[in-house]
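An overview of the molecular structure
One-letter residues, chain by chain:
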Amino acid sequence: MDIIVDSKGFACPMPVIKLKKALTQYPDESCVFLLSLTDTGGMKDVPAFCRQQQLEWVLQQEQPFIEFKVWRKHNVFSGERGGGSK
Amino acid sequence: MNESSSEQLSIIQTKGTLDWAYPVFILASTAAAMDKKVELFFTFYGLNCLLKDTRGLKVSPLGNPGMVMKSPVGPNWLRAVDWNKVLPGLVWTLPGAAMLATWGFKKQMLMEGQVPVEELRALCLELGVSMTACQMTIDLMGYQQSDFIEPISFSGAATYFANTPKTQSLFI
C-alpha cells in the first residue's frame, strides 16, 4: 500500500516527524511511503533518518519538489534497492 | 534503565525567549522521532517555554547582536535589509520594539515553513519527550503548577540527574 506523506512547505524537523508519524500509523511491512518535501535540508536528513531507523529509501525526484520512496528493510518491495541513489 | 547514551538526549533549557525555545523543541522532537529517550529540564527563564500562556515568549535584537532582523513584508529590497546590522542598538530600546521584532520573527518563521512553537511543543509531548520543570525556580518566580502545560513533571535537579545517567547534556 502506498502512503502519501506530504510535507511540502514545511521546514525542519517536520518532514522527518511526519514520516515518523506515518510509520507509526501504518506498521504494516507492505507499506511504501511516498514522502514529498520542499525543505532542501531533507536531502540529507531523510536518508540519515532512514539509515538510523533501518529503512530503505530511494530518491524519486528533486524538482519541482523532493520526493523519497521509503520502505521497511524486510519488505521485499519489487526487489529494488535503496540507500545509495544519491 | 538500560538505554545506551547514544539513545538518549537531554537538554537543560535556561532561556525564556522565543528564539531559544525553538532549537530545543526542534532537537527534542527530531531525537524522539529517531526513538531516542529525550529528557528536557526547564529551569529559571526556561520555564517560560512550558507555560500555557506563550505570550511571554518574545524575541528582541536588544543585546542580541547575532539575531538577523529582516522585514517579513514589503518589496524584496526592503526584505533583504538586516535591521539589526544597519540600525544602532539604541533603537531596540524604544517602546514596542520587542513586540514588533516578535511579530516579525513569528511571521518569518511561518513563511519559512516552521510550525508555531506551541504546536512543536505539543508534537514533542506526543512523540514521548519527557519534560520536567524545576520546582525551585517555579517557587522562586511565583508560578503555580496550574500555569504549565500537561503532561510534564515537577522536580529538582537531583531527579533530573537520576533520570539521565550517562546521557549527553546540552545546556541551552
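The structure we're discussing is the one just above.
Residues numbered from 1 in each chain as written. Chains lettered and ligands numbered in written order. Predicted model: local features only at pLDDT ≥ 70, side-chain atom pairs only at ≥ 80, totals over all residues.

**Quick word on the sheet that holds strand β2 (residues 32-37) of chain A**
Residues and elements named next belong to chain A.
- Taken together, 4 strands build an open sheet; the order of strands is β1-β2-β4-β3 and the sheet is mixed. At either end of the open sheet lies a strand with only one pairing partner, and these are β1 (2-7) and β3 (55-61). Here the average twist between neighbouring strands, direction ignored, is 20°.
- Alignment of β2 against strand β4 (residues 66-72), held across 6 bridges, turns out to be antiparallel. Within β4, the position partnered with V32 by the bridge is W71.
- Contacts between helix α1 (residues 14-25) and the sheet are confined to β1, β2 and β4, with β1 contributing the most and set at about 155° to the helix. (Pairing = 2+ DSSP bridges. Helix = DSSP H or I, 4+ residues; strand = E, 2+ residues; numbered from the N terminus. Axes fitted to C-alpha atoms, helices over the stretch in contact; angles between N-to-C directions. Contact = placed C-beta atoms within 7 Å.)

**Description of the nonpolar core**
- Residues V70(A), A28(B), L40(B) and F42(B) are the most contacted members of the largest nonpolar core, which totals 53 residues.
- When residues of this core are assigned to their parent elements, the largest contribution, 9 residues, is made by helix α1 (residues 18-33) of chain B.
- Other than its neighbours up to four places away in sequence, L40(B) contacts I11(B), Q13(B), V24(B), A28(B), V129(B), M131(B) and T132(B). (Core = buried A, V, L, I, M, F, W, Y, C linked by C-beta atoms within 7 Å. Buried ≥ 20, exposed ≤ 12 C-beta atoms within 10 Å, placed from the backbone.)

**Regarding the sheet that holds strand β3 (residues 130-134) of chain B**
Residue and element names in this part refer to chain B.
- Across the sheet, which stays open at both edges, the 5 strands sit in the order β4-β3-β2-β1-β5 with parallel pairing between neighbours. One side of each edge strand has no neighbouring strand; the edge strands of this open sheet are β4 (153-155) and β5 (169-171). Mean inter-strand twist for the sheet, computed between neighbouring axes without regard to direction, equals 25°.
- Relative to β4, β3 runs parallel, the two being bridged by 3 bridges. Looking across to β4, one finds that C134 is bridged to S155.
- The strands that α1 touches are β1 (8-13) and β2 (37-42); relative to β1, the one it contacts most, it runs at about 165°.

**Notes on the interface of chain B and chain A**
- Facing the 10 residues of chain B at the interface are 13 residues of chain A.
- Looking at the side of chain B that touches chain A, the element that brings in the most residues is α1(B), giving 4 residues.
- Across the side of chain B that touches chain A, the residue classes tally to 5 nonpolar, 4 polar and 1 charged. (Nonpolar A, V, L, I, M, F, W, Y, C, P; charged D, E, K, R; others polar.)

**Thoughts on helix α5 (residues 117-126) of chain B**
- Residues of α5(B) that are buried: L120(B), R121(B), L123(B) and C124(B). One side of α5(B) holds all its buried residues, which, seen down the axis, span an arc of 160°. Of the exposed residues in α5(B), those oriented more than 90 degrees away from the buried face are E119(B) and E126(B).
- Where the residues of α5(B) are buried, they touch α1 of chain A together with α1 of chain B.
- Trailing α5(B) by a residue or two, G128(B) shows a phi angle of about 95°, which is positive. (Arc of directions from axis to C-beta.)

**What to know about α1(A)**
- Here α1(A) is 12 residues long and its end C-alpha atoms lie 16 Å apart, about the 16 Å a rise of 1.5 Å per residue gives.
- By the burial criterion, the buried members of α1(A) are M14(A), P15(A), V16(A), I17(A), K18(A), L19(A) and K20(A).
- The elements touched by buried residues of α1(A) are β1, β2, α2 (42-52) and β4 of chain A together with α1 and α5 of chain B. (Expected span 1.5 Å × (residues − 1).)

**Here's the deal with the packing of α1(A) against α2(A)**
Residue and element names in this part refer to chain A.
- Here α1 crosses α2 at 35°, and the two axes come no closer than 10 Å. Considering only the axes of α1 and α2, their crossing is right-handed. Residues P15, V16 and L19 of α1 form the contact with α2, whose own contacting residues are G42, D45, V46 and F49.
- Broken down by class, the residue content of the contact of α1 with α2 amounts to 5 nonpolar, 1 polar and 1 charged. (Left-handed = near helix turned anticlockwise from the far one by under 90°.)

**What about the pairing of β4(A)?**
Residue and element names in this part refer to chain A.
- The sheet contact formed by β3 and β4 spans 6 bridges and is antiparallel. Across the sheet, residue W57 finds its bridge partner in β4, namely V70.
- Hairpin connection from β3 to β4: 4 residues lie between these consecutive antiparallel strands.

**Brief notes about the pairing of β1(B)**
Residue and element names in this part refer to chain B.
- Within β1, 6 of the 6 residues are buried, leaving the element largely enclosed by the surrounding structure.
- Both faces of β1 are covered, namely the face carrying Q8, S10 and I12 and the face carrying L9, I11 and Q13.
- The sheet contact formed by β1 and β2 spans 6 bridges and is parallel. Paired with S10 across the two strands is E39, which belongs to β2.
- The parallel pair β1 and β2, bridged by α1, forms a crossover whose chirality is right-handed.
- Alignment of β1 against β5, held across 3 bridges, turns out to be parallel. Of the residues in β5, the one forming a bridge with S10 is S169. (Right-handed = clockwise from strand over helix to strand, strands pointing away.)

So, to be careful, I would describe these as geometric facts and stop short of saying anything about function.
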